[in-house]
Amino acid sequence: MHVSPALNADCKPIDQAAVGLIYGSILVLSVLMALEEAQATPLRPAIVLFGSVLAVTLAKGFSEVLGHAVQSHERILTRTAWKTAWHHSHPTLTVANLPTLLLLSTGLGWLDFGSAITISQVFCVVLLAVLGARVGWAIQPKSWLPLGGALFVGGIGSALAALKHAIH
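Residues numbered from 1 in each chain as written. Predicted model: local features only at pLDDT ≥ 70, side-chain atom pairs only at ≥ 80, totals over all residues. Heavy atoms only, no water.

Topic: the overall build of the protein
Link 1 in the chain: Each helix and strand counted, the protein has six helices and zero strands in total.
Link 2 in the chain: Secondary structure elements in the protein, listed N-terminal to C-terminal, are α-α-α-α-α-α.
Link 3 in the chain: Seen through its C-alpha atoms, the protein measures out along the principal axes to roughly 50 × 45 × 25 Å.
Link 4 in the chain: Taken over 168 residues, the protein has a buried fraction of 38%.
Link 5 in the chain: The long-range fraction of contacts in the protein, counting pairs at least 24 apart against all pairs at least 6 apart in sequence, stands at 70%. (Helix = DSSP H or I, 4+ residues; strand = E, 2+ residues; numbered from the N terminus. Buried < 20%, exposed > 50% of the residue type's maximum accessible area, 1.4 Å probe, protein only. Contact = heavy atoms within 4.5 Å.)

Side note on helix 2 (residues 44–72)
Link 1 in the chain: Along its 29 residues, helix 2 runs 41 Å from first to last C-alpha, staying within 8% of the 42 Å computed at 1.5 Å per residue.
Link 2 in the chain: Among the residues of helix 2, Pro45, Ala46, Leu49, Val53, Thr57, Lys60, Gly61, Val65 and Ala69 are the ones counted as buried. (Expected span 1.5 Å × (residues − 1).)

Section: unusual backbone geometry
Link 1 in the chain: Although it is not a glycine, lysine 142 adopts a positive phi angle of roughly 60°.
Link 2 in the chain: Topologically, lysine 142 is positioned in the loop between helix 5 (113–139) and helix 6 (145–167).
Link 3 in the chain: Classification of lysine 142 as exposed rests on a relative accessible area of 62%.

Thoughts on the nonpolar core
Link 1 in the chain: Counting 29 residues, the largest nonpolar core has Val28, Leu29, Leu32, Leu35, Leu49, Val53 and Leu103 as its most contacted members.
Link 2 in the chain: Going through the elements one at a time, helix 1 (5–34), helix 2, helix 3 (79–95), helix 4 (97–107), helix 5 and helix 6 are the ones with two or more residues in this core.
Link 3 in the chain: With nine residues, the top contributor of residues to this core is helix 1.
Link 4 in the chain: The contact partners of valine 53, leaving out residues within four places of it in the chain, are Leu27, Val28, Thr92, Leu93 and Ala96. (Core = buried A, V, L, I, M, F, W, Y, C linked by side-chain atoms within 4.5 Å.)

Let's talk about the packing of helix 4 against helix 5
Link 1 in the chain: Where helix 4 contacts helix 5, the axes come no closer than 9 Å and their chain directions differ by 175°. One finds that helix 4 runs roughly antiparallel with respect to helix 5. Between helix 4, through Leu98, Pro99, Leu102, Leu103 and Thr106, and helix 5, the contact on the second element is made entirely by Phe113, Ala116, Ile117, Ile119, Ser120 and Phe123.
Link 2 in the chain: Residue classes in the contact of helix 4 with helix 5 are distributed as nine nonpolar, two polar and no charged. (Axes fitted to C-alpha atoms, helices over the stretch in contact; angles between N-to-C directions. Parallel < 35°, antiparallel > 145°, perpendicular 65-115°, else oblique. Nonpolar A, V, L, I, M, F, W, Y, C, P; charged D, E, K, R; others polar.)

Some thoughts on the side chain of threonine 100
Link 1 in the chain: Structurally, threonine 100 is set in helix 4.
Link 2 in the chain: Judged by its relative accessible area of 9%, threonine 100 is buried.
Link 3 in the chain: Discounting residues that sit within four places of it in the chain, threonine 100 has contacts with Ala46, Leu49 and Phe50.

Here's the deal with the environment of threonine 57
Link 1 in the chain: For threonine 57, the position within the fold is in helix 2.
Link 2 in the chain: Remark: the alpha-carbon pair of threonine 57 and cysteine 124, spanning 67 residues in sequence, is separated by 17 Å.
Link 3 in the chain: In this structure threonine 57 touches Trp86, Ser89, His90, Thr92 and Leu93, once residues within four positions along its chain are discounted.

Points about the packing of helix 2 against helix 3
Link 1 in the chain: Remark: helix 2 packs on helix 3, axes separated minimally by 8 Å, with the N-to-C direction vectors making an angle of 145°. For the crossing formed where helix 2 meets helix 3, the hand is right-handed. Residue-level contacts link Phe50, Val53, Leu54, Thr57, Lys60, Gly61, Phe62, Glu64 and Val65 of helix 2 to Ala81, Trp82, Thr84, Ala85, Trp86, His88, Ser89, His90, Thr92 and Leu93 of helix 3.
Link 2 in the chain: Looking at the contact of helix 2 with helix 3 residue by residue, the class counts come to 10 nonpolar, seven polar and two charged. (Left-handed = near helix turned anticlockwise from the far one by under 90°.)

Quick word on the environment of valine 31
Link 1 in the chain: Mapped onto the elements of the fold, valine 31 is located in helix 1.
Link 2 in the chain: The buried category is assigned to valine 31, whose relative accessible area is 12%.
Link 3 in the chain: Placed 88 residues apart in sequence, valine 31 and isoleucine 119 show a C-alpha to C-alpha distance of 14 Å.
Link 4 in the chain: Contact partners of valine 31, with chain neighbours within four places excluded, come to Leu49 and Ser52.

Have a look at this one:
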């Protein structure tokens, strides 16, 4: 089936960031699963979420730089190597921005904790479903694959979100 080159060009930034966005969404859902409302230190959940995702993002970027050096035998302390690693890793951290802001708003008393968690989970699940649909579309547009991809990947996110409620 023919897909418009303009459509593929419009999706290029999303396609390039897809791995990090999927990874970030699953990581955020996983951290949210472990978070509990902190009465004594109300900003703690936001700090834990963003700090955890930042640590994983930095580890991902650092491992990418080292892995590239091992494969290519090039020096690792180059601006290009770090820039490339950050370009591949930052979408993971980007996903944590909205949930972190929502959790910060709970610490400031603007939103209740449960609502912040639910909105964050919905955000991640929707992002996963959209990316799953994009994968299906990239494989075979105008078929059942975009819907199947959205349901499958969104279903994984939904299962993680439901697990939070089962644990707590």
